[in-house]
Amino acid sequence: MATTIDDKVQQLYVSYYGRPADPAGFDYWESRFTDADPDDLQQELDSFGTSAEYLALFGEYLAAGDSEGLVNALYNQMFNRDGDAAGVEFYASRLEDGTYALAEIALIIANGAPAGGTDDTTLKNKIAAAQTYTDDVREADAPYAFDDFAATAERLQEVTNDESTIATFEAGNADDIADNTGTDEGLMPPPPVPAPGTTFEIVTEAAADADSMRITGDQTARIDFTSRTDQVTGLD
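Residues numbered from 1 in each chain as written. Predicted model: local features only at pLDDT ≥ 70, side-chain atom pairs only at ≥ 80, totals over all residues. Heavy atoms only, no water.

> Explain the environment of Asp97 to me, please; I cannot follow it from the model alone.
Checked against the element boundaries, Asp97 lands in the loop between helix H6 (85-96) and helix H7 (102-112). Given a relative accessible area of 46%, Asp97 falls into the partly exposed group. Of note is the side chain of Asp97, whose polar atom sits 2.5 Å from the side chain of Thr99. (Helix = DSSP H or I, 4+ residues; strand = E, 2+ residues; numbered from the N terminus. Buried < 20%, exposed > 50% of the residue type's maximum accessible area, 1.4 Å probe, protein only. Polar contact = N/O pair within 3.5 Å; in protein donor to acceptor, adjacent residues only side chain to side chain.)

The following block contains the structure:
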């Protein structure tokens, strides 16, 4: 769907995070994708999709193990609609079995929109609108951080397949940017990373049919996930 590196970066922000790219993030990922092997972007996509913002946006689905909810959120951010049941189920199963990361699924869904159709046009318009915001924030050297994302994402949801909605979105950029705080108070901190050499004791506390365990103490442990939606929780 995206034809240039710039479009690809903005497309990922729109489809995955539902918002325009911040200038620093845009520049970083533009460089990463420019330097990457165009036939093997999995590492970059995995890195793009692993962030504190991801946990903050999708934590409700992750906590519930709701892979279909995660996939359906992508459809709504890109196309302003729920995904078809078969498509959502298909990609949710691929997410659960580790075939694709969620960012990869976002790219596949975006690229699969029929050219010239309502979905394709809606996403292209969102990307164009989002680019005006990224450019305006850059030009104004204005703050734009997590606590500002929700308001801008809400406006971006109003961009449709009607081209006039791009201009409507752009017209609101100045007021939106003037209200930006540049703060990240609502952003969940990343989980703590154990120091090299830290060891743990495995103590299972799983009820019948449960899929959980507690890790404590001083024994070496390895954790292999069978799904990209699995989590390590309760770190302290």
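> I keep staring at the layout of surface pockets and nothing clicks. Help me out?
Take a probe with the size of a water molecule and roll it over the atoms, and the empty space left behind shows itself. In this structure, the second largest pocket encloses a volume near 230 Å³. Lining of the second largest pocket is provided by 17 residues; of these, Tyr17, Arg19, Asp22, Ser51 and Glu53 occupy positions nearest its centre. Mapped by element, the contributors of at least two residues to the lining of the second largest pocket are helix H1 (5-17), helix H2 (23-35), helix H3 (42-48), helix H4 (52-64) and helix H9 (146-156). Taken together, the residues that form the lining of the second largest pocket break down as 10 nonpolar, three polar and four charged. (1 Å grid on protein atoms, 1.4 Å probe; cavity = no way out; pocket = protein on both sides within 12 Å on 5 of 7 lines; lining within 4 Å. Points joined across faces, edges and corners; volume = space filled by probe spheres on them. Nonpolar A, V, L, I, M, F, W, Y, C, P; charged D, E, K, R; others polar.)

> Quick question: what am I supposed to make of the nonpolar core here?
Taken as a class, soluble globular proteins show a tendency for nonpolar side chains to be buried jointly. Counting 48 residues, the largest nonpolar core has Tyr16, Val71, Leu102 and Ile109 as the members making the most contacts within it. Once residues within four sequence positions are removed from consideration, Ile109 is found in contact with Val71, Tyr75, Met78, Phe79 and Tyr91. (Core = buried A, V, L, I, M, F, W, Y, C linked by side-chain atoms within 4.5 Å. Contact = heavy atoms within 4.5 Å.)

> Hey, could you run me through unusual backbone geometry in this one?
Peptide bonds are, in most cases, trans, and in most cases residues other than glycine have a negative phi. A positive phi angle, near 60°, is found at Asn80, a position not held by glycine. Assignment of secondary structure puts Asn80 in the loop between helix H5 (67-79) and H6. If you check the backbone angles, Asp141 has positive phi at about 50° while not being a glycine. Within the secondary structure layout, Asp141 lies in the loop between helix H8 (118-140) and H9.

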